[in-house]
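Tertiary structure, described
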Amino acid sequence: MSLRLVLIEDHQALREGLELLLGREGCDVVGAAGTAAEGRVLVEDLEPDVALVDIRLGDDDGIELTRHLLDADPERRIVLYTGSADEDLLFSGLDSGARGYALKDGSPSELVGALGAVAEGGTYVDPRLRPALLSRRSTERLPTLSNREREVLDLLAQGLTGEDIAERLVLSSETIKTHIRNAMTKLEANTRVHAIAIALREGYISPPHGSEMSSR
Amino acid sequence: MSADGTDTAVSAARRLRHDLRTPLTIVTGFAEILAADRPVSDEDRRDYAQRIVAAAEEIRELIDAAKLAGE
């Protein structure tokens, strides 16, 4: 079954282009909007598998829209989309609760991969942003993660689901959820992808092999 | 240049980078389709080429506007 997608992008030519490009890649673009207000209505009405939200929506703010959408329903899956590799914007985006963060530099097939990973409950951060993730080796000390918590975050960053990890480590899914929750609390992360980003930044885990950081 | 002036220049450069990437995404996206092995109808090929031309024109306008602002 194809991915049901709502696209929120203020640049009309790119919005129309993405509808075509993502359609060719097998996505079902069920709605497209050029403003935050229109996009909010579309997401609420259509409840897509995933919403792709441009961060700069003309006078509107895609990160603010993401916060509104997730305040109403934290289970919504949103990928932020931007032409900027700005580090502060990245962390602000991850703080909003978005599960994905994709750059406009990526190819349509890369974008579809990101949307698919997030639609399946995973996370995605554009691999071009890894230097930004790794650059903030701040001096502030965060509580130390246990070896098990590091191991679980490491496997999440490699793309495994909670159930995959439970099977791999011969533990229950509930135990894995507890480890993830504890790691998120220690790292002061709002979401799993945020926890992975901080763990990478602080050197608790290594960047996953391959060209992208994604987890389901 | 004052700190404010530097901030403004940095902000303008950042905005320009973002603005350029938006039409560039159209150019690369459709060019990749045209360059790939997958079949494209004549009608679609013309449509995609027109989108690339329009996006390239937008990039040119953005560059020209940035040049003017810098002069």
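Right, let's walk through the structure included here. All values reported here derive from a predicted model rather than from experimental measurement. (Residues numbered from 1 in each chain as written. Chains lettered and ligands numbered in written order. Predicted model: local features only at pLDDT ≥ 70, side-chain atom pairs only at ≥ 80, totals over all residues. Heavy atoms only, no water.)

Attention shifts here to the interface of chain B and chain A. At the interface, 19 residues of chain B touch 20 residues of chain A. Carbon and sulfur atoms supply 52% of the area buried between chain B and chain A, which totals about 1,800 Å² over both sides. It is B:His18, B:Arg21 and B:Thr25 in chain B that bury the most area against chain A; as a group they hold 30% of the surface buried on that side. For the pair chain B and chain A, the interface holds three salt bridges. Here B:Arg38 and A:Glu25 are joined by a salt bridge, their closest N and O atoms 3.7 Å apart. Between the two partners, chain B and chain A, sit eight residue pairs in polar contact (both at pLDDT 80 or more). Secondary-structure elements contributing two or more residues to the side of chain B that touches chain A are helix H1 (3-35) and helix H2 (42-70) of chain B. Class assignment of the residues belonging to the side of chain B that touches chain A gives a composition of six nonpolar, four polar and nine charged. (Contact = heavy atoms within 4.5 Å. Buried area = accessible area lost by both parts, 1.4 Å probe. Salt bridge = Lys/Arg side-chain N within 4 Å of Asp/Glu carboxyl O. Polar contact = N/O pair within 3.5 Å; in protein donor to acceptor, adjacent residues only side chain to side chain. Helix = DSSP H or I, 4+ residues; strand = E, 2+ residues; numbered from the N terminus. Nonpolar A, V, L, I, M, F, W, Y, C, P; charged D, E, K, R; others polar.)

Right, let's get into the pairing of strand S3 (residues 50-54) of chain A. The side chains of a regular strand alternate between both faces of the sheet. All names here are of chain A. Among the five residues that make up S3, five are buried, leaving the element largely enclosed by the rest of the structure. A two-sided burial pattern is seen for S3, the buried positions comprising Val 50, Leu 52 and Asp 54 on one face and Ala 51 and Val 53 on the other. Sheet analysis places strand S1 (residues 4-8) next to S3, joined by four bridges and oriented parallel. Bridge assignment links Val 6 to a residue of S3, and that residue is Ala 51. Direction of pairing for S3 relative to strand S6 (residues 78-82): parallel, over a ladder of four bridges. Its bridge partner being in S6, Asp 54 is matched across the sheet by Tyr 81. (Buried < 20%, exposed > 50% of the residue type's maximum accessible area, 1.4 Å probe, protein only. Pairing = 2+ DSSP bridges.)

Let us look at empty space enclosed by the protein. All names here are of chain A. Summed over the entire model, instances satisfying the criterion amount to one cavity of 30 Å³ or more. Considering the residues around the largest cavity, the lining is formed by Tyr 81, Ala 102, Leu 103, Gly 106, Ser 107, Glu 110, Leu 111, Ala 114, Tyr 124 and Asp 126. Of all elements in the fold, only strand S7 (100-103) and helix H5 (108-119) reach the threshold of two or more residues within the lining of the largest cavity. Of the residues belonging to the lining of the largest cavity, the class tally is six nonpolar, two polar and two charged. (1 Å grid on protein atoms, 1.4 Å probe; cavity = no way out; pocket = protein on both sides within 12 Å on 5 of 7 lines; lining within 4 Å. Points joined across faces, edges and corners; volume = space filled by probe spheres on them.)

Residue and element names in this part refer to chain A. Structurally, His 194 can be placed in helix H10 (residues 192-201). Judged by its relative accessible area of 5%, His 194 falls in the buried class. Residues His 194 and Ile 78, 116 residues apart in the sequence, show an inter-C-alpha distance of 14 Å. If we ignore the near neighbours within four places in the chain, the residues touching His 194 are Leu 94, Asp 95, Glu 188 and Ala 189.

Further remarks concern the layout of surface pockets. Approximately 430 Å³ is the volume found for the largest pocket. Residue lining of the largest pocket: 20 residues in total, with A:Pro74, A:Glu75, A:Arg99, A:Gly121 and A:Arg192 positioned closest to the centre. Of all elements in the fold, only helix H3 (62-72) and H10 of chain A reach the threshold of two or more residues within the lining of the largest pocket. Of the residues contributing to the lining of the largest pocket, the split by class is four nonpolar, nine polar and seven charged. Roughly 230 Å³ of internal volume is contained in the second largest pocket. What lines the second largest pocket is A:Ile55, A:Arg56, A:Thr82, A:Ser84, A:Asp86, A:Leu89, B:Ser11, B:Arg14, B:Arg15 and B:His18. Sorting elements by how many residues they give to the lining of the second largest pocket places H1(B) first, with four residues. Of the residues assigned to the lining of the second largest pocket, the class counts are two nonpolar, four polar and four charged.

What follows is about the packing of aromatic side chains. All names here are of chain B. Evaluated as defined, the whole model comprises one aromatic pair over all chains. Aromatic side chains Phe 30 and Tyr 48 sit 4.9 Å apart centroid to centroid with 40° between the ring planes, which places their arrangement in the tilted category. Within this pair, whereas Phe 30 is found in helix H1, its partner Tyr 48 is found in helix H2, the two being separated by 18 residues in sequence. By the burial criterion, Phe 30 is buried, and Tyr 48 matches it. (Phe/Tyr/Trp six-rings, centres within 6.5 Å; stacked < 30°, edge-to-face > 60°.)

A few words on unusual backbone geometry. All names here are of chain A. Phi at Glu 47 takes a positive value of approximately 40°, unusual for a residue other than glycine. As for its position among the elements, Glu 47 is in the loop between helix H2 (36-46) and S3. A positive phi angle, near 55°, is found at Val 170, a position not held by glycine. Mapped onto the fold, Val 170 is located in the loop between helix H8 (162-169) and helix H9 (173-187).

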